[in-house]
Amino acid sequence: MDALVAFIIVLSMLLIFVLTINNNGNNLTQNVGHFFLEEKVMLIADSLVKNHNEENNLLGSATIDLEKKRVKSNELNLANFNNLKSIKQDDFFIKSVSYKTNFKKEKWIIENKIGECLIVKRFALIDGVKGIIFVEGCK
């Protein structure tokens, strides 16, 4: 009888151990997927405010200083937001880009899909006014 009780206790401990390992593995998998999404959206948001791209302003909307022949990081012109195009990737897409100042806010929908989404905020000068840019990316 003592051996049976000891055997049940050992099996219970083994079951708890296996369930804990499985739970930790699932949490790690979810964290890696969330990190992938966070990294991609942050890179797109950085590119949006620090670069200038004529073909797709989602990859760069910063203004250009023609006298100094350089891009002015964190200075955006609202006219550049009219050329926001989607990014072609199978497992990631930008859903929307929006901005908010003390006087105005506006949102551009780029993709109308549903998925696990994350919003990244960036501070920038928008037409000479301090504001916040919101980039919503999903997978």
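Everything below is about the structure shown above.
Counting from 1, residues in each chain are numbered in the order their sequence is written. With the structure being a predicted model, the display of local features is reserved for residues of pLDDT at least 70 and the display and counting of side-chain atom pairs for 80 or more, all residues being used for whole-chain, interface and lining totals. As a rule here, side-chain values come from all non-hydrogen atoms in the structure, and water together with hydrogens is ignored.

### Some details on the overall build of the protein chain
So, point 1. Numbering of helices and strands runs from the N terminus; a helix is a DSSP stretch of H or I covering at least four residues, while a strand is a stretch of E covering at least two. Helices and strands together make up the secondary structure of the protein chain, namely one helix and six strands.
So, point 2. When the elements of the protein chain are put in sequence order from the N terminus, they spell out α-β-β-β-β-β-β.
So, point 3. It is over C-alpha atoms that the radius of gyration is taken, and the globule rule equals 2.2 Å times the number of residues to the power 0.38. For 139 residues, the compact-globule estimate of 2.2 N^0.38 gives 14 Å, and the protein chain exceeds it by more than 25% at 24 Å.
So, point 4. In the protein chain, buried positions account for 32% of the 139 residues.
So, point 5. Contact definition: two residues touch when any of their heavy atoms are within 4.5 Å. Long-range contacts, defined here as pairs at least 24 residues apart, represent 54% of the contacts in the protein chain between residues at least 6 apart.
So, point 6. Where accessible areas are quoted, they stem from the Shrake-Rupley method and a 1.4 Å probe; at the residue level, only the protein chains shown are allowed to cover. A total of about 9,600 Å² of accessible surface is found on the protein chain, and carbon and sulfur atoms cover 58% of it.
So, point 7. Across the protein chain, the 18 positively charged side chains and the 16 negatively charged ones have centroids separated by 7 Å. When accessible area is computed with a 1.4 Å probe and restricted to protein chains, residues below 20% of their type maximum are described as buried, those above 50% as exposed, and intermediate ones as partly exposed. Neither His nor the chain ends is counted toward charge; the positive residues are Lys and Arg and the negative residues Asp and Glu. By convention, charge coordinates are those of NZ in Lys, CZ in Arg, CG in Asp, or CD in Glu.

### Remarks on the sheet that holds strand 5 (residues 117-126)
So, point 1. Pairing between strands is defined by DSSP: at least two bridges between the two strands are required. Read across the open sheet, the six strands follow the order 1-2-5-6-3-4; overall the sheet is mixed. Only two strands of the sheet have a single neighbouring strand rather than two, namely strand 1 (62-65) and strand 4 (105-109). For this sheet, the mean inter-axis angle between neighbouring strands, taken without regard to orientation, is 30°.
So, point 2. Summarising the sheet, strand 2 (residues 70-76) and strand 5 pair through two bridges and their orientation is parallel. Directly across from Leu 76, in strand 5, lies its bridge partner Ile 126.
So, point 3. Every angle, taken between N-to-C directions, lies between 0 and 180 degrees, and every axis is a line fitted to C-alpha atoms, over only the stretch in contact when it is a helix. Lying over the sheet, helix 1 (residues 2-50) contacts strand 1, strand 2, strand 3 (93-101), strand 5 and strand 6 (129-138), oriented at roughly 20° with respect to strand 5.

### Examining a nonpolar patch on the surface
So, point 1. Patch criteria: residues need more than 30% relative accessible area and no salt bridge. Like-charged residues are merged within 9 Å; nonpolar side chains of Val, Leu, Ile, Met, Phe, Trp and Tyr are merged within 5 Å. Salt-bridge detection follows one rule: a side-chain nitrogen of Lys or Arg within 4 Å of a carboxyl oxygen of Asp or Glu. Together, Met 1, Leu 4, Val 5, Phe 7, Ile 8, Ile 9, Leu 11, Met 13, Leu 14, Phe 17, Val 18 and Ile 21 give the surface a local cluster of nonpolar side chains, amounting to about 1,300 Å² of exposed area.
So, point 2. Here Met 13 is to be found in helix 1.
So, point 3. Judged by its relative accessible area of 56%, Met 13 is exposed.

### What to know about helix 1
So, point 1. Each helix should span, by expectation, one fewer than its residue count multiplied by 1.5 Å. For helix 1, built from 49 residues, the straight-helix expectation of 72 Å at 1.5 Å per residue is met to within 8% by its first-to-last C-alpha distance of 71 Å.
So, point 2. In this structure, the buried side of helix 1 is in contact with strand 1, strand 2, strand 3, strand 5 and strand 6.

### Quick look at the pattern of salt bridges
So, point 1. Scanning all chains against the criterion turns up three salt bridges.
So, point 2. Taking the shortest distance from any N to any O, the salt bridge between Arg 122 and Asp 46 comes out at 1.8 Å. Here Arg 122 is found in strand 5, whereas its partner Asp 46 is found in helix 1, with 76 residues between them in sequence.
So, point 3. Put simply, Glu 111 and Lys 113 hold a salt bridge, and the shortest N to O gap is 3.8 Å.

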